[in-house]
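Residues per chain are reported as follows:
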Amino acid sequence: SSLLVSLLTFWTPPTTAQLTIETMPPLAAEGSDILLLAHNLTENPLAYAWYRGERVDNSQLIASYRVDTNATTKGPAHSGRETLYPNGTLLIQSVTQKDTGSYTLLVTKDDLQTERQTGHLHVLLWLRAVLPTPVITSNNSKPWEHKDTVVLTCGPETQNTSYMWWISNQSLPKSTRLKLSEDKRTLTVFNVTRKEKGPYVCETRNLVSISRSDPFTLDVLYSSDHPEGNLNLSCHTASNPATQRSPLVSVRPQEYTQALSIPNHNMYSQILHSLTVLDSPTVRRSRFPGLRAQSCLVLECCPSNQARVPLV
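Scoring rules and cut-offs
Residues numbered from 1 in each chain as written. Predicted model: local features only at pLDDT ≥ 70, side-chain atom pairs only at ≥ 80, totals over all residues. Heavy atoms only, no water. UniProt positions renumbered as here; feature names shortened; annotations may be inferred. Helix = DSSP H or I, 4+ residues; strand = E, 2+ residues; numbered from the N terminus. Buried < 20%, exposed > 50% of the residue type's maximum accessible area, 1.4 Å probe, protein only. Contact = heavy atoms within 4.5 Å. Areas by Shrake-Rupley, 256 points an atom, 1.4 Å probe, with all protein chains shown as cover. Core = buried A, V, L, I, M, F, W, Y, C linked by side-chain atoms within 4.5 Å. 1 Å grid on protein atoms, 1.4 Å probe; cavity = no way out; pocket = protein on both sides within 12 Å on 5 of 7 lines; lining within 4 Å. Points joined across faces, edges and corners; volume = space filled by probe spheres on them. Nonpolar A, V, L, I, M, F, W, Y, C, P; charged D, E, K, R; others polar. Pairing = 2+ DSSP bridges. Salt bridge = Lys/Arg side-chain N within 4 Å of Asp/Glu carboxyl O. Polar contact = N/O pair within 3.5 Å; in protein donor to acceptor, adjacent residues only side chain to side chain. Phe/Tyr/Trp six-rings, centres within 6.5 Å; stacked < 30°, edge-to-face > 60°. Lys NZ or Arg CZ within 6 Å of the ring centre and 35° of its normal.

Per an unreviewed UniProt entry, the chain is named Ig-like domain-containing protein, and its organism is Bos indicus x Bos taurus. Its UniProt record gives the chain a comment under Sequence similarities (unreviewed entry), which states: "Belongs to the immunoglobulin superfamily. CEA family."

What follows is the structure, encoded as structure tokens:
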């Protein structure tokens, strides 16, 4: 008996969890759908009723539901966008700023006692339910390595939105040549190199949405990996059976070899820029008078029996 007294002394009945209301999402974008969720409902309730405001006022009744008859009744405050579910959850579709405010749930228990709880809904006009897909734009479509500075912009600009950047699927490294604007919409790459060609991805976030851009890759132009020394270009064929071919361009007139050696890498860039279709009647003289060519594209091989047309 002493053990029974001790158990009765220290044992207390479990407390019943209090009814709570959760708004999902906590901040609603105008035009989106929200849920008012009821947690810790009593077992075997008789009925639910949702009211607009913090009081139980029949003139502010949105809808009520009777469990025994599975019947839902709409009230004066019903706008046509509300749905009351058998578990006590209230759905409001296409919310507007006018829906901001308090909502009260009244639960009638099986002993005819009632319990009520109030939740709050916040609808924000500036908050978009779904952010538009961002797009990365560049101020320079073909920057030169070690020379040009590139400015990348993530758009469109939207209010109350944060921006994040990735390069080659990694967060931006610490570098004196990479600089983000204060709002992080703009990324500046100073003296761009091939290591910074990307791809770049921009991400936008607000309280209810995340959106990522398509990968954006910089087309970084460069002339040579080694600015000093000669640039040697060889002519190769790929045919079966093999076809006798000769080089297109030589450094000295009338001398044709199997390889072309250009003393300066900058000359290579100028050749490509100056000589396109060499047999065009509009092409008369190269900036390099000693160069000869046949009627082919620059730095391609032509059959040895094809007529050679020197530049004059």
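Now that the structure has been shown, the text picks up again.
### A word on the overall build of the chain
Looking only at helices and strands, the chain has two helices and 22 strands in total. Each of the 312 residues in the chain was classed as buried or not, and the buried ones make up 32%. In the chain, the share of contacts with a sequence separation of at least 24, taken over all contacts with a separation of at least 6, comes to 56%. Surface summary for the chain: the accessible area is close to 19300 Å², and the carbon and sulfur share equals 51%.

### Structural notes on the nonpolar core
Ranked by size, the top nonpolar core spans 20 residues in total, and within it Leu36, Trp50, Ile92 and Leu105 carry the most contacts. Breaking this core down by element, the ones donating at least two residues are β3 (34-39), β4 (47-52), β5 (61-66), β8 (90-92), β9 (101-108) and β10 (114-124). Setting aside residues no more than four positions away along its own chain, Ile92 makes contact with Ser32, Asp33, Ile34, Leu36, Arg81, Glu82, Asp99, Tyr103 and Leu121. Ranked by size, the runner-up nonpolar core spans 15 residues in total, among them Ile136, Tyr163, Leu178 and Leu187.

### Quick look at empty space enclosed by the protein
Here the structure, examined in full by the defined rule, presents one cavity of 30 Å³ or more. Quantified by volume, the largest cavity comes out at close to 30 Å³. Surrounding the largest cavity, Leu131, Pro132, Pro134, Gly155, Pro156, Thr158 and Thr204 form its lining. Tallied by class, the residues present in the lining of the largest cavity amount to four nonpolar, three polar and no charged.

### Side note on the pairing of strand β16 (residues 186-189)
Of the two faces of β16, both are covered, the one formed by Thr186 and Thr188 as well as the one formed by Leu187 and Val189. Bridge count for strand β12 (residues 150-155) against β16 is four bridges, and the pairing is antiparallel. Its bridge partner lying in β16, Val150 is registered against Val189. In this structure, strand β15 (residues 178-180) lies alongside β16, joined through three bridges in antiparallel fashion.

### Some remarks on the environment of Thr149
Position of Thr149 among the secondary structure elements: in the loop between β11 (135-138) and β12. The class of Thr149 is partly exposed, set by a relative accessible area of 32%. Between the C-alpha atoms of Thr149 and Val189, which are 40 residues apart in sequence, the distance is 5.7 Å. Residue contacts for Thr149: discarding those within four places in its chain leaves Asn139, Thr188, Val189, Phe190 and Asn191.

### With respect to the pattern of salt bridges
This model, assessed by the stated rule, comprises nine salt bridges. Residue Glu203 pairs with Arg212 through a salt bridge whose shortest N-O separation is 2.9 Å. By sharing partners, the salt bridges in this structure join Glu203, Arg205 and Arg212 into a single network.

### Quick look at the side chain of Glu196
Locating Glu196 in the fold gives a position in the loop between β16 and β17 (200-205). A polar contact is formed between the side chain of Glu196 and the side chain of Arg177, at a distance of 2.8 Å. Within the structure, Glu196 has its side chain in polar contact with the side chain of Thr193 (distance 2.6 Å). Residues in contact with Glu196, not counting those within four places in the same chain, are Ile167, Arg177, Leu178, Val189 and Leu218.

### Regarding the packing of aromatic side chains
Scanning all chains against the criterion turns up one aromatic pair. A ring pair is formed by Tyr48 and Tyr65, whose centres lie 6.2 Å apart and whose planes are at 15°; its orientation type is stacked. Separated by 17 residues along the polypeptide, Tyr48 in strand β4 and Tyr65 in strand β5 bring together distant segments of the chain. A relative accessible area of 5% places Tyr48 in the buried class. Look at Tyr65 and you get buried, because its relative accessible area is 7%. Cation over ring: Arg185 sits above Tyr163, and NZ or CZ is 6.0 Å from the ring centre.

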